[in-house]
Amino acid sequence: MIDGRHGSLVRMAGLALLWGSAFLWIKLALHSGLTPSQIAFARSALGAAVLLVLARAARRRLPRDRGTWGHLVVAALFCNALPFLLFGIGERTVDSGLAGVLHATTPLWSVLIGAVIGLERAIRPVRLGGLLLGFAGTLVIFAPWQTTGLLGGGAFALLGASASYAVGFAYMGSRLTGRGTDPLALSAAQLVAATALATPAVLVDGVTPVHLDVRAVLAVAVLGICSTGFTFYLSYRLIADEGATSTATVGYLLPVVSVGLGAIVLDEELGPRVIVGAAVVLAGVAATRWRQRPPSPSRRAGTPALEAPRK
């Protein structure tokens, strides 16, 4: 029987696998002839269906006031519809493993955007160093000084998706959290809004014939149901059980999962420069998340802390 702690670890591993595998499913769907807008629409719609079923089973009601729905539309644009589309555009020319690596820059964009809009009033030296280190790692990956660098539209689309996530997270934190609405209901409503936002683009692409095969259907189904719908659900479960900080550590595993699956399933290969750059990016992300522990009351008073008696 699995206890609570091990249960959380299992959920973290499951979340990392489902979330990190999204880049593989996007690549497989693209190889099967689907367009980025079609993938974004299907992903949003299937994820919304999963969360609506879960919300109904838990008897959670979707928000009904216009103000909340207005905020949800903005959050859905930056946190779902736009990045989902940009990931599809980016993976047309960039390997799925590298897409996961570039996605790891999201926390760096969050710190930078937070500093610009005033959410980060003062960036400590360690976090500032981590921010600079992370973007230096991104520069190593792009290698603009080499002819084999990655300075292309696809890579910039992937960076744009990561930055869009950061904008969406900042907006959700300032406008949607703490409004008294259940998180499961909010996430379901947000994906409903994302589906609506993705509809115009998919209608434009819909004039092109789509030849679906079994691989395309399976890829989109797993992407929407597992890597989008259940990922949202597992995230909220982990936040409730372990807290937001512990849950955020899952992000460090996403490049590992995306690179591993890309190598195993698609025979993708990352050169030493990209691997080094990815390690530097993750080190920078870790530094930006560093928090200094407040001293204990006895330390603040200038007296030594008493050691607990040994048994």
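See the structure printed just above.
Residues numbered from 1 in each chain as written. Predicted model: local features only at pLDDT ≥ 70, side-chain atom pairs only at ≥ 80, totals over all residues. Heavy atoms only, no water.

**Q** Just checking my understanding: could you explain the overall build of the protein for this structure?
**A** Of regular secondary structure, the protein possesses 14 helices and zero strands. Ordered by position in the sequence, the α and β elements of the protein form the string α-α-α-α-α-α-α-α-α-α-α-α-α-α. Split into buried and exposed, the 311 residues of the protein put 42% on the buried side. The long-range fraction of contacts in the protein, counting pairs at least 24 apart against all pairs at least 6 apart in sequence, stands at 88%. Total accessible area on the protein is roughly 16200 Å²; 66% of this is exposed by carbon and sulfur atoms. (Helix = DSSP H or I, 4+ residues; strand = E, 2+ residues; numbered from the N terminus. Buried < 20%, exposed > 50% of the residue type's maximum accessible area, 1.4 Å probe, protein only. Contact = heavy atoms within 4.5 Å. Areas by Shrake-Rupley, 256 points an atom, 1.4 Å probe, with all protein chains shown as cover.)

**Q** Quick question: what am I supposed to make of a nonpolar patch on the surface here?
**A** A cluster of nonpolar side chains, Val 73, Leu 77, Leu 82 and Leu 197, forms an exposed patch at the surface whose accessible area comes to about 260 Å². For the nonpolar patch, the element with the highest residue contribution is helix α4 (residues 66-90), accounting for three residues. When you line up the elements, Val 73 lands in helix α4. With a relative accessible area of 36%, Val 73 lands in the partly exposed category. (Patch = residues over 30% accessible without salt bridge, like charges linked within 9 Å, V, L, I, M, F, W, Y side chains within 5 Å. Salt bridge = Lys/Arg side-chain N within 4 Å of Asp/Glu carboxyl O.)

**Q** Could you clarify how one ought to interpret the packing of helix α5 (residues 96-103) against helix α8 (residues 153-175) in this entry?
**A** Two numbers describe a pair of packed helices, the interaxial angle and the distance between the axes. It is the contact of α5 with α8, at a shortest axis distance of 9 Å, that shows an interaxial angle of 40 degrees. The orientation of α5 relative to α8 falls into the category oblique. Judged by the sense of rotation from one axis to the other, the crossing of α5 with α8 is right-handed. Of α8, the residues touching α5 (which contributes Ala 99, Leu 102 and His 103) are Ala 155, Leu 158, Leu 159, Ser 162 and Tyr 165. Taken together, the residues of the contact of α5 with α8 break down into six nonpolar, two polar and no charged. (Axes fitted to C-alpha atoms, helices over the stretch in contact; angles between N-to-C directions. Parallel < 35°, antiparallel > 145°, perpendicular 65-115°, else oblique. Left-handed = near helix turned anticlockwise from the far one by under 90°. Nonpolar A, V, L, I, M, F, W, Y, C, P; charged D, E, K, R; others polar.)

**Q** Teacher, can you tell me more about α5 here?
**A** An α-helix turns once per 3.6 residues; consequently, residues spaced three or four apart project the same way. For α5, the buried fraction is high: eight of the eight residues fall into the buried class. Along α5, the positions that sit buried rather than exposed are Ser 96, Gly 97, Leu 98, Ala 99, Gly 100, Val 101, Leu 102 and His 103.

**Q** Just checking my understanding: could you explain the pattern of salt bridges for this structure?
**A** One side chain can pair with another of opposite charge once the charged atoms of both are near each other. For the structure on display, the rule yields one salt bridge. Arg 60 serves as the salt-bridge partner of Asp 182, at 3.0 Å between the closest nitrogen and oxygen. Placement of Asp 182 in the loop between α8 and α9 (183-205) and of Arg 60 in the loop between α3 (36-57) and α4 is noted, with a sequence separation of 122 residues between them. Classification of Arg 60 as partly exposed rests on a relative accessible area of 38%.

**Q** Looking at this structure, I do not really get the side chain of Ser 21. What am I missing?
**A** Here Ser 21 shows up in the loop between α1 (4-20) and α2 (22-31). With relative accessibility at 5%, the residue Ser 21 sits in the buried group. Of the polar contacts made by the side chain of Ser 21, one reaches the backbone oxygen of Leu 18; its length is 3.0 Å. (Polar contact = N/O pair within 3.5 Å; in protein donor to acceptor, adjacent residues only side chain to side chain.)

**Q** Would you mind showing me how to read the packing of aromatic side chains here?
**A** The full count for this structure, using the stated rule, is five aromatic pairs. Where Phe 87 meets Tyr 165, the ring centres are 6.0 Å apart and the plane angle is 40 degrees; that geometry is what we call tilted. Here the residue Phe 87 occupies a position in helix α4, and Tyr 165 occupies one in helix α8, the gap between them amounting to 78 residues. Just as Phe 87 is buried, Tyr 165 falls in that class too. One aromatic cluster in this structure is built from Phe 23, Phe 87, Tyr 165 and Phe 169. (Phe/Tyr/Trp six-rings, centres within 6.5 Å; stacked < 30°, edge-to-face > 60°.)

**Q** Any chance you could explain α3 here in plain terms?
**A** Across its 22 residues, α3 extends 32 Å between first and last C-alpha, which sits within 8% of the 32 Å expected from 1.5 Å per residue. Phi turns positive, to about 60 degrees, at Arg 59, one or two residues after α3. (Expected span 1.5 Å × (residues − 1).)

**Q** Sorry if this is basic, but what is going on with the nonpolar core here?
**A** Side chains that are nonpolar tend, in soluble globular proteins, to be buried together. Ranked by size, the top nonpolar core spans 48 residues in total, and within it Phe 87, Leu 98, Leu 102 and Ile 141 carry the most contacts. Leu 51, Leu 184, Ala 194 and Phe 232 belong to the second-largest nonpolar core, a separate cluster that totals ten residues. (Core = buried A, V, L, I, M, F, W, Y, C linked by side-chain atoms within 4.5 Å.)

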